[in-house]
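Residue-level structural notes
Read off the chains here:
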Amino acid sequence: MTTSGPSGQRAPEEQPPPAPTAVERANRMSAANMIRSLLPLVVICLLAVGWMTFRQSGSDPVRPIDPTSSVRLATERASYPVEVPAGLPDGYRPTSARTDATDADAADGAPVTLEIGYVTPSDEYAGFLVTDDADAEPLTAVLDGAEDDGSVDLGGRTWTRLTSERGETVLTREDGDVTTLVTGSADDEELQTVAAAVAPVSEPS
């Protein structure tokens, strides 16, 4: 639609903006594609920076626990003298402890199993177990399929050395019906340190 001006002449109609040329469209698409291709790289860089910042912040994700209550329960219920690692060097941190001595329905003289897990100085795992139950699942899970690999003297005692089906070193010894075992992803030296520290639980003063 057109209108007449004061002089009676028609005003020129407004023209739509010219459509972008093929070159302009290609440039816009190239810029959008570049942004999309760079986005994952930016995200990866941000994650890497965040991880490095976390590593350098000195925060330690390991949360040590006090196994005393589990040890006490096992000692009170067990029909055998309970032994646990004691006086371990710095860097060995207990992170888990459990015992079936908490079962109030268990009959007097029932088997008792005690487990304590440690993070070693190299941030590997060392697990300690003592039990008078030959069928205890934590015991059979380690010993079933394990292959004999000689013996080693630690702390004045002889321990049998095995290699588990997982390829981890197992140190074990038997005293009557009681089996003591140390194993985990830690190397032989760290596992032997834990085994050598095993000693009778001190009576509370």
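Here, the structure is the one placed above.
Residues numbered from 1 in each chain as written. Predicted model: local features only at pLDDT ≥ 70, side-chain atom pairs only at ≥ 80, totals over all residues. Heavy atoms only, no water.

**A word on the pattern of salt bridges**
Short version of the rule: Whenever Lys or Arg places a side-chain nitrogen within 4 Å of a carboxyl oxygen from Asp or Glu, that contact is recorded as a salt bridge. Secondary structure follows DSSP: runs of H or I at least 4 residues long count as helices, runs of E at least 2 residues long count as strands, and numbering of each begins at the N terminus. Partly exposed describes any residue whose relative accessible area lies between the buried limit of under 20% and the exposed limit of over 50%, with all areas from a 1.4 Å probe on protein chains only and scaled to the type maximum.
Applying the stated criterion across every chain yields a total of seven salt bridges. For D149, the salt bridge goes to R161, with nearest N and O atoms at 2.2 Å. In this pair, D149 is assigned in strand β5 (residues 147–154) and R161 in strand β6 (residues 157–163), connecting sequence segments twelve residues apart. Here D149 falls in the partly exposed class, since its relative accessible area comes to 40%. Here R166 ties to E168 by a salt bridge, and the two come within 3.8 Å at their closest N and O atoms. Residue R166 is classed as exposed on the basis of its relative accessible area of 70%. Among the charged side chains, a salt-bridge network with shared partners connects E83, R157 and R173.

**Thoughts on the environment of G176**
Of note, G176 is situated in the loop between β7 (169–175) and β8 (178–183). For G176, a relative accessible area of 64% translates into the label exposed.

**So, the nonpolar core**
Threshold: Here, nonpolar core means buried Ala, Val, Leu, Ile, Met, Phe, Trp, Tyr and Cys residues that are tied together by side-chain atoms lying within 4.5 Å of each other. Here a residue-residue contact requires only that any non-hydrogen atoms of the pair lie within 4.5 Å.
The biggest cluster of nonpolar side chains holds 28 residues, and the ones touching the most others in it are F128, W159, L171 and V182. Those elements giving two or more residues to this core turn out to be α2 (68–77), β3 (113–119), β4 (125–131), β5, β8 and α4 (188–196). The contacts of L171, once residues within four sequence positions are left out, are V152, L154, W159, T160, R161, T180, L181, V182, L191, Q192 and A195. By size, the runner-up hydrophobic cluster in this structure holds seven residues, among which are L129, A136, V170 and L181.

**Thoughts on α4**
At 3.6 residues per turn, the α-helix brings residues three or four places apart onto the same side. Heads up, the condition is: Here the arc refers to the set of directions running from the helix axis out to each C-beta atom.
All of the buried residues in α4 are E190, L191, V194 and A195. Down the axis of α4, the buried set is contained in an arc of 140 degrees. They therefore lie on one face.

**So, a nonpolar patch on the surface**
The criterion, for reference: Two distance rules govern patches: like charges are joined within 9 Å, and nonpolar side chains (Val, Leu, Ile, Met, Phe, Trp, Tyr) within 5 Å, applied only to residues with over 30% relative accessible area and no salt bridge. All accessible areas in this document rest on Shrake-Rupley with a 1.4 Å probe, and a residue is counted as covered only by the protein chains that are shown.
A contiguous nonpolar surface patch, about 300 Å² in accessible area, is contributed by L39, V43 and L47. Within the secondary structure, L39 is located in helix α1 (residues 22–56). By relative accessible area, which is 53% here, L39 ends up exposed.

**A few points about the side chain of D132**
As a reminder, the rule being used: Positive charges come from Lys and Arg, negative ones from Asp and Glu, while His and the chain ends are left out of the count. Identification of polar contacts relies on pairs of N or O atoms within 3.5 Å, with a donor-acceptor requirement for protein atoms, meaning one able to donate a hydrogen and the other able to accept it, and with residues adjacent in sequence counted only if both atoms are side-chain atoms.
Tracing the sequence through the fold places D132 in the loop between β4 and α3 (137–143). Within the buried set, D132 has no salt-bridge partner at all; the shortest N-O distance to an opposite charge, 7.6 Å, is to R77. Engagement of the side chain of D132 in a polar contact is seen with the backbone nitrogen of V112, the distance being 2.8 Å. Excluding residues within four positions of it along the chain, D132 makes contact with S79, Y80, P111, V112, D177 and V178.

**Considering the packing of aromatic side chains**
The cut-off we apply is this: What counts as a ring pair is set by centres within 6.5 Å for rings of Phe, Tyr and Trp (its six-membered ring), and what kind of pair is set by the plane angle: stacked under 30 degrees, edge-to-face over 60, tilted for all other angles. A ring is considered to have a charge above it if a Lys NZ or an Arg CZ atom is located within 6 Å of its centre and within 35 degrees of its normal.
As enumerated under the stated definition, the model contains zero aromatic pairs in all. The ring of W159 has R173 sitting right over it, with the charged end atom 5.0 Å from the ring centre.

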